Amino acid sequence: MGETTPEAEPRKLAEEARDRVRFEEEALDLADQVYRVARRLVSSREEAEDLVQEAYARAFRSWQSFQPGTNLRAWLFRILTNLNIDRGRRLQRAPDMQPLEEGDYFLYNKLEEAGDTPEERVDERLSQDDAVGALAAVPHDFRDVIVLVDIGDFSYADGGQIIDIALRTVRSRLHRGRRILKRELADRTVGSTA
């Protein structure tokens, strides 16, 4: 009838402790990936480290809500993304006026890695400030999708799961975000040659 024997309680506690250790080990194995995505979402290493620390603290506090057998990586990225969205809302209420550090945004680095391509010619015309400004001009919701799908190499479905939006919304935001980014880059490229 579900009676608990004195031997069953320590066994249950030991099993729960093993499950928690296994969860923490698997989560920590993904720390480099979580940090790389966090670094793309925020403007400095310190902010990325803080975001990752907060994400892991939340994940470890709610480890029992994770469903074993599902995608732990996506679950962690969803926590990370939700924390970043909350952070973005706080920043919108009280904007931070600190200057950006060199190398804070992925776009400049992405163009730099492109090699001898049309992107390289664009890179020659764009200053880092132009690239940073173009990315900053992309609204937060669209920028998150661009970072996850284009930089994080997540599928549309995984990106949607992480941000908790429908697949068609991912496609729409990605399309609109890319258009905004392209327009901003084109304006800045043309403006830098004048």
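Note: the structure precedes this text.
In this text, all values refer to a predicted model and were calculated from it rather than measured experimentally.

Caption draft 1: Quick look at helix α8 (residues 140-151). The terminal C-alpha atoms of α8, which comprises 12 residues, lie 15 Å apart, in line with the 16 Å expected from a rise of 1.5 Å per residue. Counting buried positions over the 12 residues of α8 gives 10, a clear majority of the element. In the segment just after α8, Asp153 is the residue with positive phi, at about 55°.

Caption draft 2: Just the nonpolar core, in detail. Core analysis: the largest hydrophobic core is formed by 43 residues, its most contacted members being Phe23, Val34, Tyr56, Leu72, Trp75, Leu76 and Leu80. Counting only elements with at least two residues in this core, the list comes to α1 (8-29), α2 (31-41), α3 (45-61), α4 (72-93), α8, α9 (156-163) and α10 (167-193). No other element matches the nine residues that α4 contributes to this core. Look past the residues within four positions of Leu72 in its chain and what remains in contact with it is Phe23, Glu26, Ala27, Leu30 and Phe66.

Caption draft 3: Inspection of the packing of aromatic side chains at higher detail. Tallied over the entire structure, the rule returns seven aromatic pairs. On the numbers, 5.7 Å between centres and 80° between planes, the contact of Phe23 with Trp75 is edge-to-face. Residue Phe23 is found in helix α1, and its partner Trp75 is found in helix α4; the two are separated by 52 residues along the sequence. Aromatic pair Tyr56 and Phe60: ring centres 5.7 Å apart, planes at 65°, arrangement edge-to-face.

Cut-offs and rules
Residues numbered from 1 in each chain as written. Predicted model: local features only at pLDDT ≥ 70, side-chain atom pairs only at ≥ 80, totals over all residues. Heavy atoms only, no water. Helix = DSSP H or I, 4+ residues; strand = E, 2+ residues; numbered from the N terminus. Expected span 1.5 Å × (residues − 1). Buried < 20%, exposed > 50% of the residue type's maximum accessible area, 1.4 Å probe, protein only. Core = buried A, V, L, I, M, F, W, Y, C linked by side-chain atoms within 4.5 Å. Contact = heavy atoms within 4.5 Å. Phe/Tyr/Trp six-rings, centres within 6.5 Å; stacked < 30°, edge-to-face > 60°.

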